[in-house]
Amino acid sequence: MQNLIELAHISKSFGANKAVDNVSLELFPGSVHALMGENGAGKSTLMKIAAGLVEPDSGDIIRQPSSNVRYLEQDPDLSAFKTIRDYVENGLVGADDTARIPYLLDSLGLTGDETPDNLSGGEKRRAALIRALAPDPDILLLDEPTNHLDLPAIEWLEEELKRSRSALILISHD
């Protein structure tokens, strides 16, 4: 089985602080990984490197060119969007299918017409999850996905991830 992404001997520093030091990781279709550690241990930095949002200081990243990667950040910024639906659809790329959006909105108790400036923390998290899950990505990177979610939403997410074909890395304190 061919890997979707390989991180080989990745290191990243911010000034004198070495956030990630010589980390290697391979993701295969359907694989599941959890990153655990204290705050400031470099978990989010490693996730951002895997997502292609941050460049490592050293090491190699090999991605399958056709792999669809989605990243759920800890604190998404929805302020530039008129509605949740605009935010979600803006996260789709090229040939991504919009067919899952109504299902995800309904499953997480949203209509898509909500305006970002009136959302609770849980509603923002739900919108960000919809944006990440909508294209049914090959690689799903979730940074503390249960933050601000109530128990029914957490249980729904667990079941959705069990059904997913995505390779998964998640950061969680749960």
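Anything mentioned here points back to the structure above.
I will try to describe carefully the structure that is included in this document. (Residues numbered from 1 in each chain as written. Predicted model: local features only at pLDDT ≥ 70, side-chain atom pairs only at ≥ 80, totals over all residues. Heavy atoms only, no water.)

### Comments concerning the sheet that holds strand β5 (residues 69–72)
Logical step 1: As summarised here, the arrangement of the four strands in space is β3-β7-β6-β5, forming an open sheet in which the pairing is parallel. A single partner strand is all that each edge strand has here, and the edge strands are β3 (32–35) and β5. Neighbouring strand axes in the sheet, compared pairwise and without regard to direction, differ in orientation by 10° on average.
Logical step 2: Relative to strand β7 (residues 167–171), strand β6 (residues 139–143) is paired through five bridges, and the arrangement is parallel. Across the sheet, the residue bridging to Ile-139 is Ala-167, located in β7. (Pairing = 2+ DSSP bridges. Helix = DSSP H or I, 4+ residues; strand = E, 2+ residues; numbered from the N terminus. Axes fitted to C-alpha atoms, helices over the stretch in contact; angles between N-to-C directions.)

### Description of helix α5 (residues 151–163)
Logical step 1: The first and last C-alpha atoms of α5 sit 19 Å apart over 13 residues, in line with the 18 Å expected at 1.5 Å per residue.
Logical step 2: On the buried face of α5, the contacting elements are α3 (100–107), α4 (121–133), β6 and β7.
Logical step 3: The opening residue of α5, the one whose side-chain oxygen lies 3.0 Å from the backbone nitrogen of Ala-153, is Asp-150. (Expected span 1.5 Å × (residues − 1). Contact = heavy atoms within 4.5 Å. Polar contact = N/O pair within 3.5 Å; in protein donor to acceptor, adjacent residues only side chain to side chain.)

### Let's talk about the packing of α4 against α5
Logical step 1: Here α4 crosses α5 at 10°, and the two axes come no closer than 13 Å. It follows from the interaxial angle that α4 and α5 lie roughly parallel. Of the residues in α5, those in contact with Arg-126, Leu-129 and Leu-133 of α4 are Ala-153, Trp-156, Leu-157, Glu-160 and Leu-161.
Logical step 2: A breakdown of the residues in the contact of α4 with α5 according to their chemical character gives six nonpolar, no polar and two charged. (Parallel < 35°, antiparallel > 145°, perpendicular 65-115°, else oblique. Nonpolar A, V, L, I, M, F, W, Y, C, P; charged D, E, K, R; others polar.)

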